[in-house]
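# Coordinate analysis (summary)
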Amino acid sequence: MANVDPIFIQPVEHRPKPNYPIEAQNIPVIDLSAHDYSPSAGLIAKIGDACRDWGFFQVINHGVPSKCRRNVESAAKKFFELPKEEKNKVVRDKENPFGYYDSEHTKNVRDWKEVFDFAVENPVITPTLHDDDRLELKQLFNKWPHSLPELREACEEHVAEMEKLAFKLLGLIALSLGLPEDRFNGFFKDQTSRVRLNYYPPCPSPHLTLGVGRHKDTGVLTILAQDNVAGLEVKRKTDGEWVLVKPTPDALIINVGDIIQVWSNDKYESVEHRVVVNSEKERLSIPYFLYPSHYTWVEPMEELINELNVAKFKGYNWGRFRATRNYGNLGKLNVENIQISHFRI
Ligand SMILES: O=C(O)CCC(=O)C(=O)O
C-alpha cells in the first residue's frame, strides 16, 4: 500500500529492489596522502583505472578538515529543521534557481527530498532558458537565510576546501589521460560550479520512491560528502546492477560527469546513480558540482583524437546545455531531459 502522494511513485522498473541491496565493497578507495608536489605514477594509474572501470571512487586523506565537514553538516541540518515559512523566504524561483526547493523532479517523477542550492562564484553569470528557446544571461546572487548566518559561513568555508580538492583531482585525471596536469584549468575562469545541500526525510513507502531518481551528472566532476546513513546507489558498469555505496567515515565520493566523458572521448564514462530513502532515518548529502564557465564549448580533447580514435561527440555550449536541463527540472514535463547522447556522432 502506498502511503505517499502518487507524484512520488516510481515506475515499477525503477523502484528500489525489495531485498537487501548489494553493497559496493569494491568501489575503489584512493588514498590521496601520496599526492604531493609531483603525483606518483601509481596514484595516477589508480585514478585512471577507477574513472574507466567505475566512474566513481572514494578518496581518503584528501586534505579537507573534518571540522569543516562537521560545520557544514550541522548548519545544513539546522536549515532543514527551520519552519517551512522560514525556508520559503529563500525559495528558488523561475528567475533565480538558487535557494530552497522541495519539488524537484528527476526523469519526470518527484524526488523525496528538500534541497538548498548555491553558486560557488557569487554573483555568477548564468544563462536562463525562456519558453521561446531564447537564452538570457543573468547575474545571479545566492540567497542566504538571514535567520541562520552560520549556514553561509559554513558553506563558504566548505566551498574553499572543495575547490582545492577539485583542482587536485582534475590534475590527476588529466595526467591519467596523458595530458598536462593543468590541461583543463582554463575552462574555469568564470566557473558556474554549484553546491547542493540534499535533505532526505524518512519516507513511509521507501520501496516505491527515490530520494533522487536515476541520473548522470552533467558537469565535470562531483565531490559528494554524505553523512553516515547509506542511500547512494551506483549502476555497476560490469553488470548494470544497482549497488549501494556504504558510507566510509571521512571519505569523500567522487564521480566523473558528462563533460569528462566528452573530453576523454568516452574513455571515462559518466555513470548513472540514484538515491534510495528509508522509513526510519533522515539523510543528508552535500554534492559539489564542478562546472566550467557558461561559454565553454565542450568537445573531445583534440590531443586524444586521431584516425584510430575519432571524435565520438559533436561540440556543445555548456551554458545552453545546463539551462535546458534546469528548465526541465523545474516541473513535470512530458519531454526527455537533454543528454550528451544527443550530441553523439
Ligand atoms: O545524495 C546522494 O548521495 C547523491 C545526490 C545526487 O546524486 C544529486 O544530488 O545529484
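Owing to the predicted nature of the structure, the values given are computational and were not obtained by experimental measurement.

## Considerations on the overall build of the protein chain
- If you tally the helices and strands in the protein chain, you get 6 helices and 19 strands.
- Principal-axis analysis of the C-alpha atoms gives the protein chain an extent of 55 × 45 × 40 Å.
- Residues counted as buried form 41% of the 345 residues belonging to the protein chain.
- For the protein chain, contacts bridging at least 24 residues in sequence account for 78% of all contacts bridging at least 6.

## Quick word on the site of the ligand
- Taken together, the neighbourhood of the ligand is formed by Arg196, Asn198, Val212, Leu224, Gln226, Gly231, Leu232, His273, Val275, Ser285 and Pro287.
- Contributing elements (two or more residues each) for the shell around the ligand: β10 (194-200), β12 (221-226), β16 (273-275) and β17 (283-290).
- Of the residues belonging to the shell around the ligand, the class tally is 5 nonpolar, 5 polar and 1 charged.

## Observations concerning the packing of helix α1 (residues 41-53) against helix α4 (residues 149-176)
- In the contact formed by α1 and α4, the axes pass within 8 Å of each other and the chain directions differ by 85°. In terms of orientation, α1 lies roughly perpendicular with respect to α4. Contacts between α1 and α4 involve Leu43, Ile44, Ile47, Gly48 and Cys51 from the first element and Leu172, Ile173, Leu175 and Ser176 from the second.
- Its residues assigned to classes, the contact of α1 with α4 shows 7 nonpolar, 2 polar and no charged.

## Re the sheet that holds strand β15 (residues 252-256)
- An order of β2-β3-β15-β12-β17-β10-β7-β4 is seen for the 8 strands of this open sheet, with the pairing classed as mixed. Edge strands, defined here as strands with exactly one partner in the open sheet, are β2 (29-31) and β4 (99-101). On average, each strand axis in the sheet is tilted by 25° relative to the strand beside it, whichever way the strands run.
- Two elements, β4 and strand β7 (residues 114-119), share 3 bridges in a ladder whose sense is antiparallel.

## Some points on α4
- Here α4 spans 41 Å end to end across 28 residues, near enough to the 40 Å set by a 1.5 Å rise per residue.
- Of the residues flanking the end of α4, it is Gly178, one or two places downstream, whose phi is positive at about 85°.

## As for α1
- Helix length check: α1 (13 residues) gives 18 Å between terminal C-alpha atoms against 18 Å at 1.5 Å per residue, within 8%.
- Of all the residues in α1, the buried ones are Ile44, Ile47, Ala50 and Cys51. Each buried residue of α1 sits inside an arc of 130° when the element is viewed along its axis, so together they form one side. Of the exposed residues in α1, the ones pointing more than 90 degrees away from its buried face are Ala41, Gly42 and Ala45.
- Where the residues of α1 are buried, they touch β2, β3 (56-60), α4 and β15.
- Backbone geometry just downstream of α1 places Gly55 in the positive-phi region, at approximately 75°.

## With respect to unusual backbone geometry
- Put simply, Asn122 and Pro123 share a cis peptide bond, and its omega is 5°.
- Within the secondary structure, Pro123 sits in the loop between β7 and β8 (124-129).
- Here Asn265, not a glycine, exhibits a phi torsion of approximately 55°, which is positive.
- Assignment of secondary structure puts Asn265 in the loop between α5 (258-263) and β16.
- Although it is not a glycine, Asp266 adopts a positive phi angle of roughly 80°.
- If you trace the backbone, Asp266 turns up in the loop between α5 and β16.
- The class of Asp266 is partly exposed, set by 15 C-beta atoms lying within 10 Å.

## Some points on the UniProt feature "domain: Fe2OG dioxygenase" (unreviewed entry) in the protein chain
- As recorded in UniProt, the sites labelled "domain: Fe2OG dioxygenase" (unreviewed entry) are residues 191-292.
- Each end of residues 191-292 is marked by a C-alpha atom, and these two atoms are 5 Å apart; helix forms 6% of the span and strand 39%.

## A few points about the packing of helix α2 (residues 66-81) against α4
- Two elements in contact, α2 and α4, have axes separated by 9 Å at closest approach and are oriented at 140°. Every pair of crossing elements has a handedness; the one defined by α2 and α4 is left-handed. Contacts between α2 and α4 pair Cys68, Asn71, Val72, Ala75 and Phe79 from the former with Glu150, Leu151, Ala154, Cys155, Glu157, His158 and Glu161 from the latter.
- Per-class residue counts for the contact of α2 with α4 are 7 nonpolar, 2 polar and 3 charged.

## Some thoughts on the environment of Glu150
- Position of Glu150 relative to the elements: it lies in helix α4.
- Expressed as a C-alpha distance, the spacing of Glu150 and Val256, which sit 106 residues apart in the sequence, is 31 Å.

## A word on the nonpolar core
- Core analysis: the biggest nonpolar cluster contains 84 residues, and Ile173, Leu221 and Leu252 have the highest contact counts within it.
- The biggest single contributor to this core is α4, with 11 residues.
- Ignoring sequence-local partners within four residues, the contact set of Leu252 consists of Gln58, Val59, His62, Val64, Ile223, Leu224 and Ala225.

## Focus on the pairing of β15
- Within β15, 5 of the 5 residues are buried, which leaves the element mostly enclosed by the surrounding structure.
- Judged by which residues are buried, β15 turns out to be covered on both faces: Leu252, Ile254 and Val256 on one side and Ile253 and Asn255 on the other are all buried.
- Here β3 runs beside β15; their pairing, made up of 4 bridges, is antiparallel. In the strand pairing of β15, Phe57 is matched with Ile254.

Reading the values: the criteria
Residues numbered from 1 in each chain as written. Predicted model: local features only at pLDDT ≥ 70, side-chain atom pairs only at ≥ 80, totals over all residues. Helix = DSSP H or I, 4+ residues; strand = E, 2+ residues; numbered from the N terminus. Buried ≥ 20, exposed ≤ 12 C-beta atoms within 10 Å, placed from the backbone. Contact = placed C-beta atoms within 7 Å. Near = placed C-beta within 6 Å. Nonpolar A, V, L, I, M, F, W, Y, C, P; charged D, E, K, R; others polar. Axes fitted to C-alpha atoms, helices over the stretch in contact; angles between N-to-C directions. Parallel < 35°, antiparallel > 145°, perpendicular 65-115°, else oblique. Pairing = 2+ DSSP bridges. Expected span 1.5 Å × (residues − 1). Arc of directions from axis to C-beta. UniProt positions renumbered as here; feature names shortened; annotations may be inferred. Left-handed = near helix turned anticlockwise from the far one by under 90°. Core = buried A, V, L, I, M, F, W, Y, C linked by C-beta atoms within 7 Å.

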